Amino acid sequence: MSLTLLITGTIFLPLTVLARTATDVKPRQAGTTVTVNLDQRYQTIDGFGCSEAFQRAVQMSKVTEEQQQYTLDLLFSTEKGAGLSILRNGIGSSPDMSADHMVSIQPKSPGGPTSPPNYVWDGSDNKQLWVSQEAVKRGVKTIYANAWSAPGYMKTNGNDANGGTLCGVGGASCSSGDWRQAYADYLVQYIRFYQEANVTITHLGFVNEPDLTTSYASMRMSGSQAADFIKVLGPTLERENLTSVGINCCDPEGWSSQAGMLGQLGPVDSYLSTVTAHSYTSSPGSPLNTRHRVWQTEAADLNGAWQGAWYANGGAGDGQTWANNIYTALVSANASGYLYWIGAQTGATNSKLVRIDGNTVTPSKRLWAFGQWSRFVRPGAVRVGVQGAPSGVRVSAFQNVDGAVAVQFINTGAAAASVQVKVGGGESFAAGAATAHVTDNSRDLEDLTVQLEGGAAAASVPARSMVTVVLRQETPPA
Ligand SMILES: *[C@@H]1O[C@H](CO)[C@@H](O)[C@H](O)[C@H]1NC(C)=O
Ligand SMILES: *[C@@H]1O[C@H](CO)[C@@H](O)[C@H](O)[C@H]1NC(C)=O
Ligand SMILES: *[C@@H]1O[C@H](CO)[C@@H](O)[C@H](O)[C@H]1NC(C)=O
């Protein structure tokens, strides 16, 4: 690629010069120099994702086979779509699948917490097993299984909805007994059902928005109540040889709620894998005080009327808004993962990245905003230092496991900005190839012209766009 560009440059520049009078020729626009520093290393990235919980996977399964494949490619393909790398599944707690309920693998109480369990597996899991298998086919390796609640019979209120908490954690004693071990065993069984279907669950969460009581599956827990359960879940996973499954906690409604819960999780810190929080009541603005990786696991424009534009009015549904939201989470709040709420679903709001309407599947620019990150910042990439962005342009940089460096530019201004990207530090990174990819109101992750000269990649970042420049190492001669 770089070779072609260099040759193109050498051949066409003189021709252009010949065709003009000498006075027409302007000096080459060098652009603002942006320097990546590979020696300045920050957090490791796990990825970007979405969910098809609450029967959204079932909605996806109702379009034609061709449109199903198209939808799955849009979400998970690194060639045809956003290349999302994390899927968040909902572990069912409901007795049935009515409305958008996620049915449980043990819909009826086995009798008591120490009675022999009575699990049932329908081979579908609210169609999430199918979506998981399709995601895995497209390269997804991180599957986060997250229960919104324990089944009702394990809880203080006898219902998987309307709050209540798990019998046996502090302040929650029930006449039926302590259900913590039974709930841990239940979550292990869910992981086993997926294992038998060749899908490896890598992360496990046992509660969702524990700070909210609502009419759908919900379970209240303070940080210390969550710790009371992790005390049982951690050793259970160890006994079951499932130590490769990381425990995530606690998916509250907002970033600051999680900051509050963290203090109470201290005693079980060694069992934790990933700290998780949503963006609804407060979004990621600064790092959480933890040594663990942190994911923003649910954000969306829940109520805005569907619109697919990159820039309409700077509102909550714009692609550009989500490019900026992801930027802030990664750069200012040290996040290692960033997930939208729903990948694809029906309905008229922006709560999803892709809209299903009858048999018509339509991606939004929110999807392509995710793609500008997810396609080029692959799991295991490390955020690195970068300096010198032109004014009005936000810049970030990552080095992938294969050595490739991906640099993001978000230009919210009304004028294009020329940049020249140089990579410094590391063990003398010598750029041998560069590509650039752009999303704006008229383009979806399209290739953009980039010139590699003297180890620097020069590109023009269009007004109101996001551009990702990828520089690859020179491969030593064979
Ligand atoms: C899982 O993988 C094994 C080995 O490749 C295969 O025999 C089995 O049929 C697969 N099971 C499912 C449910 O795909
Ligand atoms: C876990 O691994 C140990 C050692 O290999 C083995 O003895 C034990 O049976 C395993 N337990 C389960 C539940 O698979
Ligand atoms: C960022 O997160 C990592 C874990 O991924 C942690 O080790 C590091 O201390 C965090 N940095 C800040 C500034 O909080």
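> Mind showing me how you'd approach the pairing of strand β3 (residues 86–91) here?
Moving residue by residue along a regular strand, the side chains alternate between the two faces of the sheet. Of all 6 residues that make up β3, 6 are buried, and the element is covered over most of its length. Side chains Ile 86, Arg 88 and Gly 90 of β3 all project onto a buried face; the interleaved residues Leu 87, Asn 89 and Ile 91 project onto the opposite face, where all are buried too. As paired strands, strand β2 (residues 47–51) and β3 are joined by 3 bridges and run parallel to one another. Bridge assignment links Gly 49 to a residue of β3, and that residue is Ile 86. In this sheet, strand β4 (residues 142–147) lies alongside β3 in parallel orientation, the contact comprising 6 bridges. Bridging from a neighbouring strand, Ile 91 pairs with Ala 147 of β4. Note on the crossover from β3 through helix α4 (residues 128–137) to β4: the handedness is right-handed.

> Sorry if this is basic, but what is going on with the site of ligand 1 here?
The full set of residues close to ligand 1 is Glu 196, Ala 197 and Asn 198. In this structure, Asn 198 approaches ligand 1 through a side-chain N or O atom, which is 2.3 Å from an oxygen atom. For ligand 1, whose unbound accessible area comes to 360 Å², protein coverage reaches 25%.

> Honestly, the sheet that holds strand β12 (residues 382–387) in this entry has me stumped. Any pointers?
Each strand in a sheet pairs with its neighbour through backbone hydrogen bonds, running either in the same direction (parallel) or in the opposite one (antiparallel). Reading across from one edge, β17-β16-β20-β14-β13-β12-β1-β15-β19-β18 is the order of the 10 strands in this open sheet, with mixed pairing throughout. Pairing within the sheet leaves two strands with one partner each, and these edge strands are β17 (446–448) and β18 (451–453). Taking the axes of each pair of neighbouring strands and ignoring which way they run, one obtains an average angle of 30° across the sheet. Alignment of strand β16 (residues 431–439) against β17, held across 3 bridges, turns out to be antiparallel.

> I would appreciate a short explanation of the domain arrangement of the protein chain in the present structure.
You'll often see interface size given as the accessible area lost when the parts meet. One can read the domain layout of the protein chain as domain 1 (27–41 + 382–473) and domain 2 (46–374). With centres defined by C-alpha atoms, the gap from domain 1 to domain 2 works out at 33 Å. On the domain 2 side, the residues contacting the 23 residues of domain 1 number 16 residues. Each partner contributes to the roughly 1700 Å² buried at the junction of domain 1 and domain 2, and carbon and sulfur atoms together form 55% of this total. Counting the contacts that link domain 1 with domain 2 gives 1 salt bridge. Across the pair Asp 444 and Lys 365 runs a salt bridge whose closest N-O atoms are separated by 2.5 Å. In this structure, the connection of domain 1 to domain 2 is made through 14 residue pairs in polar contact (both at pLDDT 80 or more). For the side of domain 1 that touches domain 2, the secondary-structure elements that each account for two or more residues are β13 (393–399), β14 (405–411), β16 and β20 (465–473). Classifying every residue of the side of domain 1 that touches domain 2 by side-chain character gives 7 nonpolar, 10 polar and 6 charged.

> Teacher, can you tell me more about the confidence of the model for the protein chain here?
Fine structural detail should not be taken from predicted coordinates in areas where pLDDT scores are low. With 93% of its residues at a pLDDT of 70 or more, the protein chain has an overall mean of 94. Every residue in residues 1–28 is under pLDDT 50, and counting partners more than four places away or in other chains gives 16 contacts.

Calculation notes
Residues numbered from 1 in each chain as written. Chains lettered and ligands numbered in written order. Predicted model: local features only at pLDDT ≥ 70, side-chain atom pairs only at ≥ 80, totals over all residues. Heavy atoms only, no water. Buried < 20%, exposed > 50% of the residue type's maximum accessible area, 1.4 Å probe, protein only. Helix = DSSP H or I, 4+ residues; strand = E, 2+ residues; numbered from the N terminus. Pairing = 2+ DSSP bridges. Right-handed = clockwise from strand over helix to strand, strands pointing away. Near = heavy atom within 4 Å. Polar contact = N/O pair within 3.5 Å; in protein donor to acceptor, adjacent residues only side chain to side chain. Areas by Shrake-Rupley, 256 points an atom, 1.4 Å probe, with all protein chains shown as cover. Axes fitted to C-alpha atoms, helices over the stretch in contact; angles between N-to-C directions. Domains from an automatic or database assignment. Contact = heavy atoms within 4.5 Å. Buried area = accessible area lost by both parts, 1.4 Å probe. Salt bridge = Lys/Arg side-chain N within 4 Å of Asp/Glu carboxyl O. Nonpolar A, V, L, I, M, F, W, Y, C, P; charged D, E, K, R; others polar. pLDDT = per-residue confidence, 0-100.

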